Amino acid sequence: MKRIVVKPAVRPLRGALKVPGDKSIAHRALLLAGMSDGVSRLRGLPPGLDVAATRRAMESLGVEITGEGDSGILVRGRGLNGLAAPSGPIDCGNSATTARLLAGVVAGRGFSVKLAGDETLSVRPMERIAVPLSRMNARVSGRTTSSRTTLPLIVGGDEPLLGAHHRLSMASAQVKSCLLLAGLRARGETAVTEPRVSRNHTENMLRAQGVELYGHGRTVMLRGPARRLEPLDLELPGDASSAAFMLVAALLLTGSVVDIDGVGLNPTRLGFVDALRRMGGEIEGEVLSECAGEAAGCLRAVGGAPLRGTDVLADETPRLLDEIPVLAVAAALARGRTRFLGCGELRYKESDRIAVVVEMLRAFGVHVKEYSDGFDVTGTAGEPLEGGGRVESKGDHRIAMAAVVLALTARKPTTVCDSAVIANSYPALFDALARLHDGSVVCEEG
Ligand code: S3P
C-alpha cells in the first residue's frame, strides 16, 4: 500500500491556484445530463476516481459520453425514461454519492441493477435510501445484518414509482438527492424534510433543467412525473472541500497568501469558512460568477493570524461535514479547546471519521477526547507539533489530506500510509502544494 513521507514546509505557501471541479456537482451533472433530452456540455469535471465511477455507471446504462479533461465532455442524454439495462453489476468504487444517487436514478425502471462497491463503501449504511425508496414502490434489497443494509444492492421494480413524503432522521444531501431523483419519475408529489438543511446542488441543477421545485424551510418538493429535463451547459466551479485543505495550510504557515480561483461559493458548503473566521483565520471570499444556480469566485487565505478554539455544533455540521478533518487540524494549532459535537454522522463516512481523526491527531501528539457523537481538540496555541510519526488514513482520502496539512506544520517529516486514496478526490494535491511552496513537500514515496 502506497505511503508518502511529508516534509515540514520550509517556506510559506504563495500563489493562486484552481482546485479540481466540485465532486458533488459533477456526480449530479453526469446523472442529470444522462437523463436529459439533448446533449449536455460539462466543463471542469474533476479527475478523481469517485466521479469516474459515476461516468462509467452512466455509460453502462447506455449514455454516450465523449471527451475528457479541460475542453469538456459531451453527454448525450437518453431522456428521463430512456436508460438501458446494464450488462452487469455497476461498480461504484469508493463513492457513496454514486451508489446512493444512482439508486434513485435506476429505481422502478422495469429492470434490476446491481450496485457494488469497494471494501469501505460496502460497509456503509444503505438502509437510509433502501427504506424510503421502497416506500415509493421501488424494489431494493441488499446485504442485511440486524438493522443495517449494505452493498451490494439490487435496485429495480416493475411497478410505476409513487411519490411520497419523507421525513429524514439525518441531514443528508445524498439521501435527499436520491429521493428527488426517484421523484422525477414518480406519480404525485415527492417531499423531503431534513432536520437541518444539507447541500442543495441537486435542487439548483434541477431548477436549471426546468423542473419546478417548491417547499419551505427544510422541506423540498416536486411533482412527478417530470415532463423532461433540459440539457446542461455547465462550467463546474472548483471544489470548496478540496480548497479547504489548501486554505487551512495557508492559515497555519505564517507569511502565506493563497488564492483559490474559480471555486464554488454555494453557502451550503461554506460552513468551514465561517468556523475558520470564528477561530481568527483571515479568509476572504468574493463571488464573481454564477452557473446553473451555483455561485463561484475566489477564496483567499492569509497565514499567520493566531487561531483560537471554537465550538462546532450540530446545527452547523451539514455545512462543513467533509471539512471536519481539516478543521480539526486547524484546531490542533489553535489556542484553547475546539469542540466538534453533534457530528455522529461522521462515523458513517469513508471511515469512522471520528475515530480516525482522533487517531490521526494523536499520532502527532495532539490532546484529543473522543465522544460518541464528536470529539474535542486542545490546541498548542501555535507551537508546532513534533511530527515524525506514522498516520494511517484507513482508506479515507480526507484523513490522508488532513494529515498532509498537519505534517507541513510539524517539526519532523511524517509518514502518511495508504496515501493513494487521495486520488479519490484530489489526485494533483502534491503538485499543487509544490507549486505554492515553490518546492516539493514530499521526500519519499513507496
Ligand atoms: C455529499 C453529501 C454528503 C457529503 C459527501 C457528498 C453529496 O454526504 O459528506 O461527501 O454529494 O451529496 P451525506 O449526504 O451522507 O451527508
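For the structure itself, consult the block above.
Please read these numbers as outputs of a predicted model, since none were measured by experiment. (Residues numbered from 1 in each chain as written. Predicted model: local features only at pLDDT ≥ 70, side-chain atom pairs only at ≥ 80, totals over all residues. Heavy atoms only, no water.)

Undergrad: Break down the overall build of the protein for me, with residues and values.
TA: Helices and strands together make up the secondary structure of the protein, namely twelve helices and 24 strands. Radius of gyration (C-alpha) of the protein: 21 Å, near the 22 Å computed for a compact globule of 446 residues. Projected onto its principal axes, the C-alpha coordinates of the protein cover approximately 60 × 50 × 45 Å. For the protein, the proportion of its 446 residues judged to be buried stands at 60%. Restricting to contacts in the protein with at least 6 residues of sequence separation, those with at least 24 account for 77%. Carbon and sulfur atoms make up 49% of the accessible area of the protein, which amounts to about 16,500 Å² in all. Seen as two clouds, the 54 positive and the 50 negative side-chain charges of the protein have centres 3 Å apart. (Helix = DSSP H or I, 4+ residues; strand = E, 2+ residues; numbered from the N terminus. Rg over C-alpha atoms; globule rule 2.2 N^0.38 Å. Buried < 20%, exposed > 50% of the residue type's maximum accessible area, 1.4 Å probe, protein only. Contact = heavy atoms within 4.5 Å. Areas by Shrake-Rupley, 256 points an atom, 1.4 Å probe, with all protein chains shown as cover. Lys, Arg positive; Asp, Glu negative; His and termini not counted. Charge placed at Lys NZ, Arg CZ, Asp CG, Glu CD.)

Undergrad: I'd like a description of the site of the ligand, backed by residues and values.
TA: For the ligand, the full set of nearby residues is S24, R28, T97, R100, A171, S172, A173, Q174, R199, L321, D322 and K349. S24 is positioned such that a nitrogen or oxygen atom in its side chain is 2.6 Å from an oxygen atom of the ligand. Within the side chain of R28, one N or O atom sits 2.6 Å away from an oxygen atom of the ligand. Protein coverage of the free-state accessible area of the ligand, which is 390 Å², stands at 94%. (Near = heavy atom within 4 Å. Polar contact = N/O pair within 3.5 Å; in protein donor to acceptor, adjacent residues only side chain to side chain.)

Undergrad: Let's hear about the pairing of strand β3 (residues 39–43): which residues, and what values?
TA: Regular strands place their side chains on alternate faces of the sheet. Side chains S40 and L42 of β3 all project onto a buried face; the interleaved residues V39, R41 and R43 project onto a face where none is buried. Here four bridges tie β3 to strand β5 (residues 73–76), and the two strands are oriented antiparallel to one another. Counterpart to S40 in the pairing with β5 is V75. Relative to strand β14 (residues 233–235), β3 is paired through three bridges, and the arrangement is parallel. Residue L42 lies in a different strand from β14, and its bridge partner there is L234. (Pairing = 2+ DSSP bridges.)

Undergrad: Kindly report on the sheet that holds strand β15 (residues 257–264), identifying the contributing residues and their values.
TA: Taken in spatial order, the four strands line up as β2-β15-β17-β16 in an open sheet, and their pairing is mixed. Strands at the two margins of the open sheet, each flanked by one partner only, are β2 (14–17) and β16 (282–291). Ignoring which end each strand starts from, the neighbouring axes of this sheet average 10° apart. The sheet contact formed by β2 and β15 spans four bridges and is parallel. For A16, the partnering residue across the bridge sits in β15 and is D259. Packing of helix α12 (residues 429–437) onto the sheet brings it into contact with β2 and β15, and relative to β2 it is tilted by some 140°. (Axes fitted to C-alpha atoms, helices over the stretch in contact; angles between N-to-C directions.)

Undergrad: Provide a residue-level description of helix α5 (residues 173–183), including the pertinent values.
TA: When you tally the buried positions in α5, you get eleven out of eleven residues, the bulk of the element. Every buried residue of α5 is listed here: A173, Q174, V175, K176, S177, C178, L179, L180, L181, A182 and G183. One side-chain oxygen at the N-terminal end of α5 lies 3.3 Å from the backbone nitrogen of Q174; it belongs to S172.

Undergrad: So, unusual backbone geometry: which residues are in play, and what are the values?
TA: Of note, the bond from L151 into P152 is cis; its omega dihedral lies within 30 degrees of zero at -5°. Positionally, P152 belongs in strand β9 (residues 148–156). A cis amide bond links G224 with the next residue in sequence, P225, at an omega value of -5°. Inspection of the secondary structure assignment puts P225 in the loop between β13 (219–224) and β14. Here N137, not a glycine, exhibits a phi torsion of approximately 90°, which is positive. Along the chain, the position of N137 falls in the loop between α4 (127–135) and β8 (139–145). On the basis of relative accessibility, which here comes to 30%, the residue N137 falls in the partly exposed class. Backbone geometry at D438 places phi at a positive 60°, although glycine is not the residue there. If you trace the backbone, D438 turns up in the loop between α12 and β24 (442–445). Take D438: its relative accessible area is 61%, and that puts it in the exposed class.

Undergrad: Could you give me a rundown of the packing of aromatic side chains, with the residues and numbers involved?
TA: Remark: the centre distance and the inter-plane angle together describe each pair of aromatic rings, the angle taken between the planes. Tallying each qualifying case throughout the model produces one aromatic pair. Here F340 and F375 contribute two aromatic rings whose centre-to-centre distance is 4.8 Å and whose plane-to-plane angle is 25°, an arrangement assigned as stacked. With a gap of 35 residues between them, F340 in strand β19 (residues 337–340) and F375 in strand β21 (residues 374–378) connect regions that are remote in the sequence. Accessibility classification places F340 together with F375 in one group, the buried group. (Phe/Tyr/Trp six-rings, centres within 6.5 Å; stacked < 30°, edge-to-face > 60°.)

Undergrad: Tell me about the state of the cysteines, residues and numbers included.
TA: This model, assessed by the stated rule, comprises zero disulfides. Left unpaired, C298 is separated from the closest cysteine sulfur, that of C291, by 18 Å. Judged by relative accessible area, which is 14%, C298 ranks as buried. (Disulfide = S-S within 2.5 Å.)

Undergrad: Summarise the nonpolar core; cite the residues concerned and give the values.
TA: Within the largest apolar cluster, 84 residues are counted, with the highest numbers of intra-cluster contacts made by F272, F340, L361, F364 and F375. By residue number, the principal contributor to this core is helix α7 (residues 240–252), which donates eleven residues. Other than its neighbours up to four places away in sequence, F272 contacts A240, A244, L247, L299, R319, L320, E323 and L327. Counting 68 residues, the second-largest nonpolar core is a separate cluster that includes L45, V51, L83 and L102. (Core = buried A, V, L, I, M, F, W, Y, C linked by side-chain atoms within 4.5 Å.)

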